[in-house]
Amino acid sequence: MTTEIWHNPRCSKSRTAKAFLDEAGIAYTERRYLEDPPSAAELRDMLTRLGLQPWDITRTGEDEAKELGLSGWARTDTERERWIEALAAHPRLIQRPIVATADGRAVVARDDEALRSLR
């Protein structure tokens, strides 16, 4: 297992995280998740590693989220799978960047604190 970044090159936070990994000398693979979306199973695994729920990594302000009516979806265990399936079908809704480390940790690497935790 290697470190992997779910990356969107158009996103400044994602580019910052990638630059951090480069500068820190952390070897990684880059997954352009909009071109190579994660499956529902991969999302479940990543959520476990993150210690988060699917709604915690959902970009609810996106047009697709509004079209799906995500703001009205329950954030409960019974609706968890529905959220995961939506993220798998609409990867643009996944918060970025996500970095999963070789030792099993994962973070949504949107700020300096999260990035520093990767060392």
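See the structure above.
Because the structure is a prediction, the values reported are computed rather than measured. (Residues numbered from 1 in each chain as written. Predicted model: local features only at pLDDT ≥ 70, side-chain atom pairs only at ≥ 80, totals over all residues. Heavy atoms only, no water.)

Undergrad: Which parts of the structure should I look at to understand the pairing of strand β1 (residues 3-7)?
TA: Within β1, 4 of the 5 residues are buried, which leaves the element mostly enclosed by the surrounding structure. Pairing of β1 with strand β2 (residues 28-32), which is carried by 5 bridges, proceeds in the parallel orientation. Its bridge partner being in β2, Glu 4 is matched across the sheet by Thr 29. At this point the chain moves from β1, through helix α1 (residues 12-24), to the parallel β2, and the crossover so formed is right-handed. Looking at chain direction, β1 and strand β3 (residues 98-100) are connected through 3 bridges and run antiparallel. What sits directly across from Ile 5, in β3, is Val 99. (Buried < 20%, exposed > 50% of the residue type's maximum accessible area, 1.4 Å probe, protein only. Helix = DSSP H or I, 4+ residues; strand = E, 2+ residues; numbered from the N terminus. Pairing = 2+ DSSP bridges. Right-handed = clockwise from strand over helix to strand, strands pointing away.)

Undergrad: Would you explain the pattern of salt bridges in this entry?
TA: When charged atoms on two side chains of opposite charge get close, those side chains can pair. According to the stated counting rule, one finds 10 salt bridges in the structure shown. In this structure, the salt-bridge partner of Glu 42 is Arg 31, at a minimum N-O distance of 3.1 Å. Here Arg 31 lies in strand β2 and Glu 42 lies in helix α2 (residues 40-50), a separation of 11 residues in the sequence. Residue classification places Glu 42 among the partly exposed residues on the basis of a relative accessible area of 33%. With a closest N to O distance of 2.7 Å, Glu 62 and Arg 59 form a salt bridge. It is possible to trace a salt-bridge network through shared partners that takes in Lys 18, Glu 30 and Arg 32. (Salt bridge = Lys/Arg side-chain N within 4 Å of Asp/Glu carboxyl O.)

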